[in-house]
Amino acid sequence: MSEHVEWSEPEGAAPAATAAVTPADAADAARLVSFGLQPKLQPARDQEYADLLRRYREDPPFARLADAVATGLGLIVLEVSPRAGMAVTAAEDSVFAVRMGDYARRTSADGGDRFLHGLAHLAVAAMAFPRPEDLADDGYIGRVTVNGVDAFVRQACRRLEERAAEQGENTDPATDAPGLEAAWRIWVRRSSTGATKDARRLAGSTTGIVAKAVAFLTDSGFLQRTGDDNGGTYRTTARYQLQVRDMAGSAALAELLELGVVPVTDGTPTLLPPEESDDLELAADAGLPFHSS
């Protein structure tokens, strides 16, 4: 009989453990996730946020509860730390996911320009972390410029055209043809600036498209604007580094990886063409910071 009593006691303890989670705990967990959905909010500047992050790290049951809240909202927790806060990204089926169509509508882009807007985001990611070790280093801060990204894409397009010509492929596809190569070929046909009479940059120019991409990333807490030189200069945040790591296995970035080019000048990663040159020197077969799997 005593053995039966001893066996039944652990079974009765399980409901008590479940009951230990209070509505206040659930509210705090949801509050932490809500902070994570405010990408510009920095834990160092919000005491409640910092306290909840500390609780997440020190209280495993609370951490599991916060993770469950995020999962229920269709969010993927990338990292929870003082440097990044509660960094989350939306799963494909999440209500928080940003679709390319939605982004295009925000930027007033027509269907034909969606490829170019998508390419701008890929190029910014590649330029922000030009070496694999940069993407892996938590302390690394990438820097991009609007003009630098445009120059990189144009040089990459030339490489693709040369490769297609060598292989005897069609080097002039229809403008509405799908695929990353087609988007790059469309890009090089588009005016870089297309300035208006009052010197404003046209929204449909390639630098205008890049400017919209970096503005969106800045609003999303992924980049911080640092100046106006070269069409606008920006630095990366911890959240953006985590985001690029998460998207490293995407098909589009795998296709970008296969191109095998990265801008190099004197050995230091840079986003600007070398002085007294309108072009970028490319290191053949240099690896971009993405993995195919």
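Quantities reported herein were computed from a predicted structural model and do not represent experimental measurements. (Residues numbered from 1 in each chain as written. Predicted model: local features only at pLDDT ≥ 70, side-chain atom pairs only at ≥ 80, totals over all residues. Heavy atoms only, no water.)

Within the protein chain, the regular secondary structure consists of twelve helices and five strands. Of all 293 residues assigned to the protein chain, the portion counted as buried reaches 42%. Restricting the contact set of the protein chain to residue pairs at least 6 apart, pairs at least 24 apart contribute 60%. (Helix = DSSP H or I, 4+ residues; strand = E, 2+ residues; numbered from the N terminus. Buried < 20%, exposed > 50% of the residue type's maximum accessible area, 1.4 Å probe, protein only. Contact = heavy atoms within 4.5 Å.)

Attention shifts here to the confidence of the model for the protein chain. Regions with low pLDDT should not have their predicted coordinates read in detail. When the pLDDT values of the protein chain are averaged, the result is 74; 64% of them are 70 or greater. In the model, residues 173-178 has pLDDT below 50 throughout and makes seven contacts with residues more than four positions away in sequence or in other chains. Contacts from residues 262-293, a stretch scored under 50 in pLDDT, to residues over four places away or in other chains number 71 contacts. (pLDDT = per-residue confidence, 0-100.)

Its location among the elements puts Leu41 in the loop between α2 (23-36) and α3 (47-58). Along the backbone, Leu41 and Gly221 are 180 residues apart, and their C-alpha atoms lie at a distance of 8.3 Å. Non-local contacts of Leu41, meaning those with residues more than four positions away in its chain, are made with Phe35, Asp46 and Tyr49.

What follows deals with the nonpolar core. If you look at the biggest cluster of nonpolar residues, it comprises 30 residues, and the most contacted ones within it are Val149, Trp187, Leu223 and Tyr240. Counting residues per element, this core draws most heavily on helix α6 (residues 114-128), at nine residues. Each residue touching Val149, except ones within four places of it in the same chain, is listed here: Ala120, Ala123, Val124, Met127, Val144 and Val210. (Core = buried A, V, L, I, M, F, W, Y, C linked by side-chain atoms within 4.5 Å.)

Take the sheet that holds strand β3 (residues 143-145) next. Within the open sheet, the three strands sit side by side as β3-β5-β4. Their pairing is antiparallel. The sheet is open, and its two edges are formed by β3 and β4 (223-227), each paired on a single side. Across this sheet, the average inter-strand angle for adjacent strands is 35°, counted without regard to direction. Inspection of the sheet shows β3 paired to strand β5 (residues 233-236) by three bridges, in the antiparallel sense. Note on β5: the bridge partner recorded for Thr145 is Thr233. The sheet strands contacting α6 are β3, β4 and β5, and the helix crosses β3 at an angle near 135°. On the sheet, helix α10 (residues 206-219) packs against β4 and β5 and is oriented at approximately 120° with respect to β4. (Pairing = 2+ DSSP bridges. Axes fitted to C-alpha atoms, helices over the stretch in contact; angles between N-to-C directions.)

A word on the packing of aromatic side chains. Tallied over the full model, the rule gives four aromatic pairs. Look at Phe129 and Tyr140: their rings are 6.1 Å apart centre to centre, the planes differ by 50°, and that puts the pair in the tilted class. On the criterion of sequence distance, the pair formed by Phe129 in the loop between α6 and α7 (132-136) and Tyr140 in the loop between α7 and β3 is long-range, its members being eleven residues apart. Under the relative-accessibility criterion, Tyr140 is labelled partly exposed at 21%. Ring geometry for Phe222 against Tyr240: centres 5.8 Å apart, planes inclined by 40°, an arrangement best described as tilted. With Phe222 in the loop between α10 and β4 and Tyr240 in helix α11 (residues 238-246), the pair connects residues that are 18 residues apart, well separated along the chain. Note on accessibility: Phe222 and Tyr240 belong to one class, buried. One aromatic cluster in this structure is built from Phe129, Tyr140, Phe222 and Tyr240. (Phe/Tyr/Trp six-rings, centres within 6.5 Å; stacked < 30°, edge-to-face > 60°.)

Of all six residues that make up strand β2 (residues 85-90), five are buried, and the element is covered over most of its length. For strand β1 (residues 75-81) and β2, the ladder comprises six bridges, and the chain directions are antiparallel. Opposite Val77, over in β2, you have Val88 as the bridge partner.

Between α3 and helix α4 (residues 60-72), whose axes approach to 5 Å, the crossing angle comes to 110°. Relative to α4, the element α3 is oriented roughly perpendicular. Counted together, Leu52, Arg55, Tyr56 and Glu58 of α3 and Pro60, Phe62, Ala63, Ala66 and Asp67 of α4 form the full contact between these two elements. Of the residues in the contact of α3 with α4, the class split is six nonpolar, no polar and three charged. (Parallel < 35°, antiparallel > 145°, perpendicular 65-115°, else oblique. Nonpolar A, V, L, I, M, F, W, Y, C, P; charged D, E, K, R; others polar.)

Phi at Asn230 is positive, roughly 55°, even though this residue is not glycine. Residue placement: Asn230 occurs in the loop between β4 and β5. Exposure remark for Asn230: the relative accessible area of 34% places this residue in the partly exposed category.

This brings us to the environment of Val33. Along the chain, Val33 falls in helix α2. On the basis of relative accessibility, which here comes to 1%, the residue Val33 falls in the buried class. The residues contacting Val33, other than those within four sequence positions of it, are Ala66, Val69, Ala70, Leu73, Leu75 and Met86.

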